Amino acid sequence: MTRNGPIALIFHSLVVLFMLAPLAIVCLVAFTPENTLSLPTRGLSLRWFEAVFRHPDFVQSFWNSLWLALLSATLAVVLAVPAALAITRWEFRGRGFLNALFLSPLIIPHLVLGVAMLRLFALVGATGSFGWLVAAHIVIVTPYVMRLLIAAITGFDRSVEQAAYSLGASEATVFRRVTLPMILPGVTGGWLIAFINSFDELTMSIFITSPSTVTLPVRMYMYATESIDPMMAAVSAIIVGITAVAVLLLDRVYGLDRILVGQH
Amino acid sequence: MSAAPARLPTPLILSAPAALLFGALILTPLVLTALLSFNEFEHATGRTHGFTVAHYAAVLSDSYYLEIFLRTFRVAALATAICVVIGVPEAYILSRMRNPWRSVFLLVVLAPLLVSVVVRAFGWSMLLGPEGPVNAVLMALGFGRMRLLYNEGTVIVALVHVMLPFMVIPVWTSLQKLDPAVEQAALSFGASRATAIVRVVAPQILPGILSGSLIVFGLSASAFAIPGLLGGRRLKMVATIVYDQYLSDLNWPMGAAVAVLLLAANLIVMLTYHRVVEGHYRRRLG
Amino acid sequence: MSFLELKDITKSYGTLNAVSDVTLSVEKGEFVSLLGPSGCGKTTTLQMIAGFVEPTSGTIRLDGRDITHAKANSRGLGIVFQSYALFPHMTVFDNVSFGLEMQRVPKSDRRPRVEEALELVHLAAYAGRYPRELSGGQRQRVALARAIVIRPPVLLLDEPLSNLDAKLREAMQFELRDIQRKVGTTTVMVTHDQAEAFSISDRVVVMESGRITQIDQPYRIYEHPETEFISRFVGKTNLLPGTVQAVNDRAATVSLGGVPVEIDAGALVRGDTVTLCIRPEKLRLTGTGLGRLPGRVAERYFLGSQWLYHIDGPLGTLMAVTPNDGSAPLDTGEPVGLDWTPSVVRVHRGRLAEAPDPTLEAH
Ligand SMILES: Nc1ncnc2c1ncn2[C@@H]1O[C@H](COP(=O)(O)OP(=O)(O)OP(=O)(O)O)[C@@H](O)[C@H]1O
Ligand SMILES: [Mg+2]
């Protein structure tokens, strides 16, 4: 492999700076002791983090988002595993349609999904219901899980399962003892990416949350359009921190490049 | 090797739960919204009923809406172009790095994708704000304080930040598939580095660039948080007027019509792409 | 009645008959190989015995019991896959023990049986490793141990050695035969490597586009191939098209493009179109002017234990193989005589066909 030249490296450094600058400034400003958005030039302070934890709306939204992401990621995996098996393992009528349907939330703008679900929820009287919010989030994170699962299932050698059958294992045993352990990296990777996507989702959620179910991104959006103070930076820094942890976990269990490269 | 003998419609049983959910929460609401967009809207009572194409007529003839659609596509197109100009070389540079740098920088470039877009928009508003570091640098260089927020430029810059990973990923993927020996072969025939890149590398990653452009364009055209937070009150884009129609004006049929048009535009672009790219390049490049 | 019986087994995929009318009886303790070119239906046949593919028609009996539609996990057969198909997330020990666990063998009995099986394949020291920590040959032996530990009535092997390098492969061939003898398991092996089939099987089944064309002992397949296709597929051969010119009670004269050649008569009649097959090692190189035909060395190849010559002569270019006995080989351009014993010439009716028709059976 040839090395990159100096121009390439300068270009690359600028890109890296560009990508990291907004995140870096958010994290720095979060530690400001001042009352206004400013860089912490006169020492560091945790007062804005404290403010966040004392702000009941942010705290409630944080828990909303956390539960929402945990539930929707888990249920998405539960739904996606059998569906992905069906799509990869069988030839049947409607297979192409189902495949397209399960991946469709990737190409339908979340804005459109948001207004569409708002309409549905209004008609069935589900506006503001946390359960329906979870269902909506399952729908938008399932494609990410499906993609990883389909890759994981098609990537492995069927004869391993046949070997287990030939040794007398029942279908349930083969699934539990052989198939599931072998697609486990795909399942965990899919769960994590679903969790992150659900936790971050703004555009659809803004239409279908009610005051009691407002998620953290929606709360932050509302807050940012109304007032700007360093508390916003502190919440943002917390989110950057959570995401960083999740990213490192993802990298551990699955390899981040594999997930992201399989994501678009 | 055949799958298990299909005595029962096992695959249908397996996919039924997901299919039902998607039917209920994707297909039904989309159909309902399409229907809603043809309802009349009574401003006085907020009731919706009857059948009309007035909302579509309004969007397609009213210069207010046309301007917003044009602005949206202009912004999305510019963001896409800039993503190509930055993302393609960056993906190429990344692919030529050695590990561990390669993994580290791939992470640095791609991971922001996973940070909430609200956080990133907020970061840009601080960077470009009147007291922000960018203005500080400009002042130090003697340009004076500039008004950097609440214009198309800001929105584009932030969109590029949000979308760049979506460009890098497919280009990176096609670069990974590319056999490095092919570029070396071109060099061995006496081609210059530039010629090798233009004649040998570029054609092979073109599908990746197209696929990335498409994703970036689609996501930019329907982006909501960035114009919402960085465009201010006057700089409306399609997503923000849908939001206004739904949540401020409560004119749902009008909002639905705009949303349906946005979805239609998105699908047309996607399907055209599939026709053109899948047909043409997949055959040639396997 | 034979131990394993396939009767008129056919498998169609749409209009394609992957396997047609396969009838085969395997005796208890026998080692039978299915040999044939790629795509001829060997794997499909094996998978039908294993229960992974359902036959379109026909019956499979094991020890008198009809298992045609029995589920794969109720047949109790031992299978070694081409890809080994080891469970990647289990240790060697757990891989081998899995089948016993499925048979609900008590834990205390499993350990000695697993150890015994690993002993047999010389892997006792590797019980704690994961498959990815093993070499190709070791993985292959784990797969074998996993299959035989359940003491299957029949062992099915799908190209078990094809992923190994030549040397290891040869070693494994003998080891496989050795283990099979010790355990005495009836074995059906799929291979497209004739040397492998010949060296370890009791009988070889030659398949060609979904059909069985010959079932015989390895030696007989080589010496008496029943079709011209087999003689070409199995070993090297010289194929010479000709016409029968004269027949008397013991010998026939065949004209090979004007050159008359004497052969054993068989059931030939005058005017028959035939193809003569002569194995290269059956051609003797003699001094000039001697033998049945004159020739000239066009090319020579060193094969280690043998020399392979291409000899130009009145019948075109023929291959001849002589043992490398240490003496100086012939030079290219050197004139030679070609000789053979009439009884080594095999005769097939009909002309060389590009895609040989399996119904064109001679004798
Ligand atoms: N599931 C299937 N669907 C359709 N055709 C199939 C299927 N499985 C096998 N075939 C076809 O049946 C024929 C026999 O295949 P099979 O796998 O038995 O060949 P083989 O003799 O094992 O070849 P190889 O030596 O290459 O492994 C081939 O033409 C193959 O394409
Ligand atoms: Mg095969």
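Please read these numbers as outputs of a predicted model, since none were measured by experiment.

(A) Up close: the interface of chain A and chain C. Across the boundary between the two partners, chain A contributes 18 residues, which contact 22 residues of chain C. Around 1700 Å² of area is buried between chain A and chain C when both sides are counted, 64% of it from carbon and sulfur atoms. Remark: the boundary between chain A and chain C carries one salt bridge. Taking the shortest distance from any N to any O, the salt bridge between A:R177 and C:E101 comes out at 2.6 Å. Connecting chain A to chain C are six residue pairs in polar contact (both at pLDDT 80 or more).

(B) Looking closely at the pattern of salt bridges. Residue and element names in this part refer to chain C. This structure, assessed with the given rule, holds 25 salt bridges over all chains. D331 is the partner of R300 in a salt bridge, and the nearest nitrogen-oxygen pair spans 3.1 Å. Taken as a pair, R300 in strand β16 (residues 293–302) and D331 in the loop between β18 (316–323) and β19 (335–339) lie far apart in primary sequence, 31 residues in all. By relative accessible area, which is 32% here, R300 ends up partly exposed.

(C) Seen up close, the interface of chain B and chain A. Each side of the interface is counted separately: chain B has 86 residues, and chain A has 85 residues. Buried surface at the junction of chain B and chain A, summed over both partners, amounts to about 7700 Å²; 81% is from carbon and sulfur atoms. When residues of chain B are sorted by the area they lose upon contact with chain A, B:F22, B:L25 and B:L114 head the list and together hold 10% of the total. On inspection of chain B and its partner chain A, the count reaches zero salt bridges. Among the elements that line the side of chain B that touches chain A, the one with the most residues is helix α1 (residues 10–36) of chain B, at 20 residues.

(D) The arrangement of unusual backbone geometry in detail. All names here are of chain C. We note that D8 has phi near 50°; this positive angle belongs to a residue other than glycine. On the basis of relative accessible area, D8 is assigned to the partly exposed category, the value being 35%. Non-glycine residue D21 carries a positive phi angle of around 45°. Mapping D21 onto the fold places it in strand β2 (residues 16–26). Classification of D21 as partly exposed rests on a relative accessible area of 45%.

(E) Spotlight on the packing of aromatic side chains. Going through the model one piece at a time under the given rule, you end up with 25 aromatic pairs over all chains. Consider the rings of A:F31 and A:F49, whose centres lie 5.1 Å apart with planes at 50°: the pair is tilted. Taken together, the positions of A:F31 in the loop between α1 (6–29) and α2 (47–54) and A:F49 in helix α2 put the pair 18 residues apart, joining distant regions of the chain. Take A:F49: its relative accessible area is 14%, and that puts it in the buried class. Both rings, one in C:F52 and one in C:F81, keep their centres 6.3 Å apart while their planes meet at 40°; by these two values the pair is tilted. One end of the pair, C:F52, is in the loop between α1 (42–50) and β4 (57–62); the other, C:F81, is in the loop between β6 (78–80) and α3 (92–102), and 29 residues separate them in sequence. In this structure, C:F52 and C:F81 share a single accessibility class: buried.

(F) A look at the environment of C:E175. Residues and elements named next belong to chain C. Counting through the fold element by element, E175 comes out in helix α6 (residues 166–183). Once the C-alpha coordinates of E175 and Y222 are considered, the two residues, 47 residues apart in sequence, prove to be 23 Å apart. Residue contacts for E175: discarding those within four places in its chain leaves V121, H122 and R141.

(G) Region of the structure containing the sheet that holds β18(C). Residues and elements named next belong to chain C. Spatial strand order, β15-β19-β16-β17-β18: five strands in an open sheet with antiparallel pairing. At either margin of the open sheet sits one strand with a lone partner, and together these are β15 (284–286) and β18. Ignoring strand direction, the axes of neighbouring strands in this sheet form an average angle of 45°. Examined bridge by bridge, strand β17 (residues 306–313) and β18 share eight bridges and lie antiparallel to one another. Its bridge partner being in β18, I311 is matched across the sheet by L318.

(H) Main features of the packing of helix α3 (residues 63–95) of chain B against helix α7 (residues 152–177) of chain B. All names here are of chain B. The contact between α3 and α7 brings their axes to 6 Å, and the two run at 45°. Looking at the two axes, α3 sits oblique to α7. Crossing geometry of α3 relative to α7 is assigned as right-handed. Residues belonging to the contact of α3 with α7 are distributed by class as follows: 22 nonpolar, four polar and three charged.

(I) Structural detail: the pairing of strand β9 (residues 203–208) of chain C. All names here are of chain C. Of all six residues in β9, five are buried, a share of seventy percent or more. With four bridges connecting them, strand β3 (residues 31–35) and β9 associate as parallel partners. Within the sheet, the bridge partner assigned to L34 lies in β9 and is V205. Looking at chain direction, β9 and strand β10 (residues 211–216) are connected through five bridges and run antiparallel. Looking at the pairing, V204 lines up with D216 of β10. Linking β9 back to β10 in an antiparallel pair, the connection comprises two residues, with S209 at a positive phi of about 30°.

What counts and how
- Residues numbered from 1 in each chain as written.
- Chains lettered and ligands numbered in written order.
- Predicted model: local features only at pLDDT ≥ 70, side-chain atom pairs only at ≥ 80, totals over all residues.
- Heavy atoms only, no water.
- Contact = heavy atoms within 4.5 Å.
- Buried area = accessible area lost by both parts, 1.4 Å probe.
- Salt bridge = Lys/Arg side-chain N within 4 Å of Asp/Glu carboxyl O.
- Polar contact = N/O pair within 3.5 Å; in protein donor to acceptor, adjacent residues only side chain to side chain.
- Helix = DSSP H or I, 4+ residues; strand = E, 2+ residues; numbered from the N terminus.
- Buried < 20%, exposed > 50% of the residue type's maximum accessible area, 1.4 Å probe, protein only.
- Phe/Tyr/Trp six-rings, centres within 6.5 Å; stacked < 30°, edge-to-face > 60°.
- Pairing = 2+ DSSP bridges.
- Axes fitted to C-alpha atoms, helices over the stretch in contact; angles between N-to-C directions.
- Parallel < 35°, antiparallel > 145°, perpendicular 65-115°, else oblique.
- Left-handed = near helix turned anticlockwise from the far one by under 90°.
- Nonpolar A, V, L, I, M, F, W, Y, C, P; charged D, E, K, R; others polar.

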